[in-house]
Structures are given as C-alpha cells and as structure tokens.
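Each chain, letter by letter, is given below.
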Amino acid sequence: VIDGDAVIHELVLPAPAGRVFDMFTDPRQLVRWIGISADLQPRPGGRFRFEVAPGQFCEGQYVIIDRPVRLVFTWGWTDPGFGLAPGTSRVEVTLAPAATMASRPGSGWSTPAWPGISDCCTTTAGPASWAGWPP
Amino acid sequence: MTRFDGEAALRALADPRRRRMLELAWDRECSPSELAGSCQLSRPATSQHLRVLREAGLISVRLEKNRRLYRARADRLADLRALLDEFWGSRLASLRAELAAGEEGNRP
C-alpha cells in the first residue's frame, strides 16, 4: 500500500511477535533474511550496520525499541549510488496479532493468510514529514 | 541531472512549503508569482525553494516568452517511492519465507 505519507507493507507472518521482532534485532537472525553480516546495537540511539550484498552496506540508528510490538529505526545505504544515505529514511515496524489486524476496518484483508498463526508486521518506510502527500 | 538523488529528493520534500509548491504545480504549470501568492512567500524565498526542488529533480522549468513555468515531476516522485518500496517489499518476502521455514522445522 502506498499511503499519503509513506510506503506501507502489511503482511501476516507465521510466527509470534517476539520471534519476528528478534529477526530485526538479533544479528544471527537478521542475516537469515536481509544480509550476509550484521553489527547491531539494539538499544535506543544504538547504531546498526549490515551487509546486504558483498560491499553494499545499510546503516541506521535505532529510535524506539519496544519488544515485541514496535521498532523504529532510521535507515539508508552507505553507497551514494543508491541515492538514499543513512538517516534519510525512517522505518517503523509494528507487530500485532493477525486477528486484531484482520478485524480492523480497511486493513485490506479479512482472514489471516497463515491460519492458526498470529502475527502481523507492518513496516512503514519514508520520511516522517510527508503528510497526506502527494495530492 | 544524470542520476536520481533520493537523498536530495527527501530533503527537498521535508519542507512543507516545497510540498505545497509541488501540489500546486502537480497538474499544470505555475509561474513563480502564482506560487509565491498561493504559498504566501516573498519572491526571493519562492525562488530559493524552487531552486532546491529543481536541483533535487522534483520540478521542471520551461521558458515561455519572458516567463518561467514550473511543473512537478511526478515520475521522479514515483522513482523515490519505488526506491523505498522495492527494497522492503522483497526483504519482507524473504522474512516471511524464513519464518515459514522455521515453523516447518519446529513441527514434530
């Protein structure tokens, strides 16, 4: 979904929220889905850096760490060729039981895609200041 | 401008007055005086903001007779969105696959 102020991804994941959360903050878990090596300091203000592909690094800083419901961090690529430097984008991860999300009006889906498993992950990427925009 | 600079674009968009200018020039060309009037800005301030938008590749300018006409570059904004969308879209798909594999593995 592209909302007025951000790019939003909403998905149902087949794992409890705590496990999903750790996939973002535990380097051994993180490298299983997003990078090949990771150096993370999962505390507010702590920095992280991970290698997405050989020689390509993403860097950022944790802003909010509220396990297992909310994680906010800044993010960007160190390679200027990507045109998105560390600190220029903000990512918010919100985790909620899938049942709650499914019953929320307008959330876009009505039944969990993974029956019996209960967590949902929403990530929002974009500058915090885009409000209701573009027209 | 040879390559899209997402960082410059995000910085340009961070200012609400510049977003307002892009809104005004979204569907049609606008002159600087029109933008200054609608945004309640002085002409020099308007020029300054237009320069930032132009350098970030978010607005195009065309000279007609003695007037400069500005128009938002929707394609650049789409590029910016795609940049943010693609990376996380594909990574989250990997995250889901990884979690699904983990759950399979945990089953007796």
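In what follows, the accompanying structure is described.

### With respect to helix α2 (residues 16-24) of chain B
Residues and elements named next belong to chain B. Buried within α2 are the following residues: Arg-18, Arg-19, Met-21, Leu-22 and Leu-24. Where α2 is buried, its residues contact α1 (6-13), α3 (32-39), α4 (43-55), β1 (59-64) and β2 (67-72). By the N-cap criterion, in which a side-chain oxygen at the helix start approaches the backbone nitrogen of a residue two or three places on, α2 is capped by Asp-15, the distance to Arg-17 being 2.7 Å.

### Side note on the side chain of His-49 of chain B
All names here are of chain B. By the element assignment, His-49 lies in helix α4. Judged by its relative accessible area of 7%, His-49 is buried. Within the local environment of His-49, its side chain forms a polar contact with the side chain of Arg-18, the two groups lying 3.1 Å apart. Not counting chain neighbours up to four residues away, the residues in contact with His-49 comprise Asp-15, Arg-17, Arg-18, Met-21 and Leu-41.

### Quick word on the packing of α2 of chain B against α3 of chain B
All names here are of chain B. Interaxial distance between α2 and α3 falls to 10 Å at its minimum, and their mutual angle equals 125°. By the angle between their axes, α2 is oblique relative to α3. Considering only the axes of α2 and α3, their crossing is right-handed. Here α2 contributes Arg-17, Arg-20, Met-21 and Leu-24 to the contact with α3, which in turn contributes Leu-35, Ser-38 and Cys-39. Broken down by class, the residue content of the contact of α2 with α3 amounts to four nonpolar, one polar and two charged.

### Looking at unusual backbone geometry
In this chain, Arg-67 of chain A is followed by Pro-68 of chain A through a cis amide linkage whose omega measures 0°. Along the chain, the position of Pro-68 of chain A falls in the loop between β5 (56-66) and β6 (70-77). One non-glycine residue, Gln-40 of chain B, lies in the positive phi region at around 55°. As for its placement among the helices and strands, Gln-40 of chain B is situated in the loop between α3 and α4. You will see that Lys-65 of chain B, though not glycine, has its phi angle at about 55°, which is positive. Following the sequence through the fold, Lys-65 of chain B ends up in the loop between β1 and β2.

### Let's talk about the pairing of β1 of chain B
Successive residues of a regular strand alternate their side chains across the two faces of the sheet. Here six bridges tie β1 of chain B to β2 of chain B, and the two strands are oriented antiparallel to one another. Its bridge partner being in β2 of chain B, Leu-63 of chain B is matched across the sheet by Arg-68 of chain B.

### Some details on empty space enclosed by the protein
Under the counting rule described, the total for this entry stands at one cavity of 30 Å³ or more. Considering only enclosed or pocket space, the largest cavity measures out at about 80 Å³ in volume. Taken together, Phe-24, Leu-30, Trp-33, Ile-34, Leu-40, Phe-48, Phe-50, Tyr-62, Leu-71 and Phe-73 of chain A together with Trp-88 of chain B make up the full set of residues lining the largest cavity. Elements that contribute at least two residues to the lining of the largest cavity include exactly β4 (47-53) and β6 of chain A. Classifying every residue of the lining of the largest cavity by side-chain character gives 11 nonpolar, no polar and no charged.

### Re the pattern of salt bridges
Using the criterion set out here, one finds 13 salt bridges over all chains in the structure. When the shortest N-O distance is used, the salt bridge between Arg-70 of chain A and Glu-92 of chain A registers 3.0 Å. Taken as a pair, Arg-70 of chain A in strand β6 and Glu-92 of chain A in strand β7 (residues 89-97) lie far apart in primary sequence, 22 residues in all. Residue classification places Arg-70 of chain A among the partly exposed positions, given a relative accessible area of 28%. With a relative accessible area of 22%, Glu-92 of chain A lands in the partly exposed category. Among the ionic pairs, Asp-75 of chain B bridges to Arg-73 of chain B, the shortest N-O distance being 2.9 Å.

Reading the values: the criteria
- Residues numbered from 1 in each chain as written.
- Chains lettered and ligands numbered in written order.
- Predicted model: local features only at pLDDT ≥ 70, side-chain atom pairs only at ≥ 80, totals over all residues.
- Heavy atoms only, no water.
- Buried < 20%, exposed > 50% of the residue type's maximum accessible area, 1.4 Å probe, protein only.
- Helix = DSSP H or I, 4+ residues; strand = E, 2+ residues; numbered from the N terminus.
- Contact = heavy atoms within 4.5 Å.
- Polar contact = N/O pair within 3.5 Å; in protein donor to acceptor, adjacent residues only side chain to side chain.
- Axes fitted to C-alpha atoms, helices over the stretch in contact; angles between N-to-C directions.
- Parallel < 35°, antiparallel > 145°, perpendicular 65-115°, else oblique.
- Left-handed = near helix turned anticlockwise from the far one by under 90°.
- Nonpolar A, V, L, I, M, F, W, Y, C, P; charged D, E, K, R; others polar.
- Pairing = 2+ DSSP bridges.
- 1 Å grid on protein atoms, 1.4 Å probe; cavity = no way out; pocket = protein on both sides within 12 Å on 5 of 7 lines; lining within 4 Å.
- Points joined across faces, edges and corners; volume = space filled by probe spheres on them.
- Salt bridge = Lys/Arg side-chain N within 4 Å of Asp/Glu carboxyl O.

Shape descriptors only; they carry no functional weight alone.
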